[in-house]
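What follows is the residue order along each chain.
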Amino acid sequence: MRLPAFCFDNSYRRALPGAWLAVDPAFSPAPKALVLNHALATELGVELSEDAAAVLSGTVLPEGAEPIAQAYAGHQFGGFSPQLGDGRAHLLGEVIDRAGRRRDIVLKGAGRTPFSRGGDGKAAVGPMLREYLLGEAMHALGIPTTRALAVVATGEDVYRETALPGAVLTRVAASHIRVGTFQFFSARGEINKVRALADYTIERHYPKCVEAENPYVALFGAVVAAQVRLIAQWMGVGFIHGVMNTDNMTLSGETIDYGPCAFMEAYAAGTVFSSIDHGGRYAYGNQPLILGWNLARLAETLLPLFDEDGDRAVDLANELLGEIAGRYRTEWLAVMRGKLGLVGVQDGDEELADGLIAAMEGQGADWTLTFRRLAEAVTDDGAVLPLFADPAPMRAWLVRWRLRLEEGVEARLKAANPAVIPRNHQVEEALAAVTGGDMGFFQGLLEAVVEPFVEREAFMSPAPSWFGRYVTFCGT
Ligand code: AMP
Ligand code: MG
């Protein structure tokens, strides 16, 4: 058997006792690889053959693996749970990739852990393939994200509303440190552990912070910068995470936890896909606000590290928190300048960006196609106006926009605005075909979403009307 040989070095386990519990993944009766990410494997310096399924299902432990489940807490839809933790994830260890970056290797769905509560610790094929596809799409769009190394069918059923084929996804991440990891220790009053976690996070993700006058304030500032940039990028591609709970927000600034997420088609700020998000807390247009809310929860855990004097600590936190909205706006505007093909920075840019959003509101215009077709709309109104229910506001906007354009704008627009995103109806079609035993459509869709700037007509159309309102589900 040719098993993948990871070169593990398990610093989290060494550095942070109390932040995890040791637990081995479960045995799978008949592991079989469904998708293997050879490009990512190369980055990690490992080779994946069909035999890799034994390791990537958790059935055979690779040498050097020291599996743990990480502890964390979190605000879920605004309500605090002091103990969540990895209920269906095993961190096998960390590897240093070819570029010298330390990355976590996690099995998701490989059975119960001490944090599983009532859950079975398992996952079904459909949602794991969905995470694979959406993560690779985000990566190809240039957005920081955890990625999938493989999805392996376990050969065992998992029980949801019905029996479904089970799977394990291998997740690769810069780390799995979450806002909720800080909240776990903070809620228990374990300030020394919050400090140890902060020191570890600085060393792993933001080493320059040690040189700052106040390294913990610098750490918070670095996380703010990374998360502000991330959410601005999400907004640029119309990505809706769906469960921006504090346990699903990383300190590294990577997108994590592809549950009920989806890409918006027709633009509407209130777009929600998740079946459980009744109040629209995590709606598209609310994501920048939730960003600030979650970062405030992180700041609270760091207060004792900011300053011994409580009032002074609160002042420091408030200063940084007060800047988040402005910093987000600046990042968003930078993303929008790119999407509008603008060079340099000019006074009217913000108005132009806001003007397009205003022209799109209530028009049913597809987010991705509107921007993609701007390249043709430089000279031809007809490229975009048919996407709008009432074309008048957009027609007026195009006139203003063209006045701001410079030489070479078409190429810039095509490089900034993807042609292909994972369209909800096609994701569902691909997963349904897999259930019927056919991986062909999934593979075709995957090929298209990992080259999002290449125009493949078959993957560029919005959902047909019969598809109806799209609903996604959590905890699947
Ligand atoms: P998520 O909604 O995926 O962010 O998960 C929220 C919490 O529920 C985390 O603590 C997960 O580990 C846990 N969880 C989700 N699904 C399962 C499952 N099938 N078995 C055990 N725990 C789970
Ligand atoms: Mg989660």
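Look a little higher up for the structure.
Keep in mind that this is a model prediction, so the values were computed, not measured. (Residues numbered from 1 in each chain as written. Chains lettered and ligands numbered in written order. Predicted model: local features only at pLDDT ≥ 70, side-chain atom pairs only at ≥ 80, totals over all residues. Heavy atoms only, no water.)

Engineer: Can you break down the overall build of the protein chain residue by residue, with the values?
Structural biologist: If you tally the helices and strands in the protein chain, you get 16 helices and 12 strands. For the protein chain, whose C-alpha radius of gyration is 23 Å, the value lies close to the compact-globule estimate of 23 Å for 476 residues. The principal-axis extents of the C-alpha atoms in the protein chain amount to approximately 60 × 60 × 40 Å. Evaluated residue by residue, the protein chain yields a buried proportion of 56% over its 476 residues. Of all intrachain contacts in the protein chain linking residues separated by at least 6 positions in sequence, the fraction that spans at least 24 positions is 70%. Of the side-chain charges in the protein chain, 42 are positive and 58 negative, and the distance between the mean point of each set is 2 Å. (Helix = DSSP H or I, 4+ residues; strand = E, 2+ residues; numbered from the N terminus. Rg over C-alpha atoms; globule rule 2.2 N^0.38 Å. Buried < 20%, exposed > 50% of the residue type's maximum accessible area, 1.4 Å probe, protein only. Contact = heavy atoms within 4.5 Å. Lys, Arg positive; Asp, Glu negative; His and termini not counted. Charge placed at Lys NZ, Arg CZ, Asp CG, Glu CD.)

Engineer: Just give me the short version of a negative patch on the surface, but keep the residues and values in it.
Structural biologist: On the surface, Glu 308, Asp 309, Asp 311, Asp 315 and Glu 319 cluster together into a negatively charged patch. Structurally, the position occupied by Glu 308 is in the loop between α8 (287–306) and α9 (310–339). With a relative accessible area of 84%, Glu 308 lands in the exposed category. (Patch = residues over 30% accessible without salt bridge, like charges linked within 9 Å, V, L, I, M, F, W, Y side chains within 5 Å. Areas by Shrake-Rupley, 256 points an atom, 1.4 Å probe, with all protein chains shown as cover. Salt bridge = Lys/Arg side-chain N within 4 Å of Asp/Glu carboxyl O.)

Engineer: Lay out the environment of Pro 29 in plain terms, naming residues and giving numbers.
Structural biologist: Among the structural elements, Pro 29 can be located in the loop between β1 (20–22) and β2 (32–36). Sequence separation between Pro 29 and Gly 155 is 126 residues; the distance between their C-alpha atoms is 5.8 Å.

Engineer: Before we move on, could you go through the nonpolar core and cite the residues and values that matter?
Structural biologist: The biggest cluster of nonpolar side chains holds 105 residues, and the ones touching the most others in it are Leu 374, Met 394 and Trp 401. Sort the elements by how many residues they give to this core and helix α7 (residues 215–237) lands first, with 14 residues. In contact with Trp 401, not counting residues within four places along its chain, are Leu 340, Leu 342, Leu 352, Leu 374, Ala 377, Val 378 and Leu 413. Of all hydrophobic cores here, the second largest spans 28 residues; its members include Val 35, Leu 133, Ala 148 and Ala 430. (Core = buried A, V, L, I, M, F, W, Y, C linked by side-chain atoms within 4.5 Å.)

Engineer: Which residues make up the site of ligand 1, and what are the values?
Structural biologist: Among the 17 residues in the neighbourhood of ligand 1, the closest are listed as Gly 85, Gly 87, Asp 120, Gly 121 and Asp 257. Interatomic distance of 3.2 Å between a side-chain N/O atom of Arg 117 and an oxygen atom of ligand 1. Among the residues making up the shell around ligand 1, the classes are represented as 2 nonpolar, 7 polar and 8 charged. In this structure, the shell around ligand 1 is formed jointly by two domains, domain 1 (11–71 + 84–173) and domain 2 (179–332), each of which donates at least three residues. (Near = heavy atom within 4 Å. Polar contact = N/O pair within 3.5 Å; in protein donor to acceptor, adjacent residues only side chain to side chain. Nonpolar A, V, L, I, M, F, W, Y, C, P; charged D, E, K, R; others polar. Domains from an automatic or database assignment.)

Engineer: Tell me what's going on with the coordination of the magnesium ion (ligand 2), and back it up with residues and numbers.
Structural biologist: Protein coordination at the magnesium ion (ligand 2): the donors are Asn 248 (OD1) and Asp 257 (OD), at 1.9 to 2.2 Å from the metal. By relative accessible area, which is 10% here, Asn 248 ends up buried. (Donors = N, O, S within 2.8 Å, 3.2 Å for Na, K, Ca; no water.)

Engineer: Can you lay out the pairing of strand β7 (residues 102–108) for me, pointing to particular residues and giving the numbers?
Structural biologist: When you tally the buried positions in β7, you get 6 out of 7 residues, the bulk of the element. Across 7 bridges, strand β6 (residues 89–96) lies against β7 in antiparallel orientation. When the bridges of β7 are listed, Val 95 appears paired with Arg 103. The turn linking β6 back onto β7 is made up of 5 residues, and Gly 100 within it adopts a positive phi angle of 85°. (Pairing = 2+ DSSP bridges.)

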